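Residues per chain, in single letters:
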Amino acid sequence: MGLSDIILKAGECIVIKSDSTLGLAPNGVALNFGSVQAVNELSHKTSVGQSIMFDESKATPFMIISGTTFYLVKEDDITFYETVF
């Protein structure tokens, strides 16, 4: 099973933890930076490749054969979208 086999409901996306693309550090904040790997095709807020901040305690962690930990995140729980020009 791979990421492409997962069917996401409206408002859901899959994220892996990553660093900020702008070099920001979430000092003193219980949030994590992540990179969006998959998103429901009806989404108008989030797209694959976006860098976001999310609350890990509100996300559902899961693992695929690769051993990488992914997080199922609801778009409403995304706290910040990084914009790179």
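Everything here concerns the structure above.
These notes cover the structure that comes with them. (Residues numbered from 1 in each chain as written. Predicted model: local features only at pLDDT ≥ 70, side-chain atom pairs only at ≥ 80, totals over all residues. Heavy atoms only, no water.)

Quick notes on the packing of aromatic side chains
Counted by the stated rule, this structure contains 2 aromatic pairs. Summarising the aromatic geometry, the rings of Phe-54 and Tyr-71 are spaced 5.5 Å apart at their centres and angled 50 degrees between planes, so their arrangement reads as tilted. Of this pair, Phe-54 sits in strand β3 (residues 51-54) while Tyr-71 sits in strand β5 (residues 69-74), and the two are 17 residues apart along the sequence. Summarising the burial analysis for this pair, Phe-54 and Tyr-71 share the class buried. When the centroid spacing of 5.8 Å and the interplanar angle of 20 degrees are considered together, the rings of Phe-62 and Phe-70 count as stacked. Relative accessible area serves as the criterion here: at 23%, Phe-62 is assigned to the partly exposed category. (Phe/Tyr/Trp six-rings, centres within 6.5 Å; stacked < 30°, edge-to-face > 60°. Helix = DSSP H or I, 4+ residues; strand = E, 2+ residues; numbered from the N terminus. Buried < 20%, exposed > 50% of the residue type's maximum accessible area, 1.4 Å probe, protein only.)

With respect to the nonpolar core
Of all hydrophobic cores here, the largest spans 9 residues; its members are Cys-13, Val-15, Val-36, Ile-52, Phe-54, Ala-59, Tyr-71, Val-73 and Ile-78. At the level of secondary structure, the elements contributing two or more residues to this core comprise β1 (12-17), β3 and β5. Other than its neighbours up to four places away in sequence, Val-73 contacts Gly-11, Glu-12, Cys-13, Val-15, Phe-54, Ala-59 and Ile-78. Grouped together as the second largest cluster of nonpolar side chains are 5 residues, Leu-8, Ile-14, Ala-38 and Phe-70 included. (Core = buried A, V, L, I, M, F, W, Y, C linked by side-chain atoms within 4.5 Å. Contact = heavy atoms within 4.5 Å.)

Here we look at the pattern of salt bridges
Across all of its chains, the model carries 2 salt bridges by this definition. The partner of Lys-17 in a salt bridge is Glu-56, and the shortest N-O contact between them spans 2.8 Å. Of this pair, Lys-17 sits in strand β1 while Glu-56 sits in the loop between β3 and β4 (60-63), and the two are 39 residues apart along the sequence. Of the residues examined, Lys-17 reaches a relative accessible area of 42% and is grouped as partly exposed. Two residues, Lys-45 and Asp-76, come together in a salt bridge whose shortest N-O distance is 3.2 Å. (Salt bridge = Lys/Arg side-chain N within 4 Å of Asp/Glu carboxyl O.)

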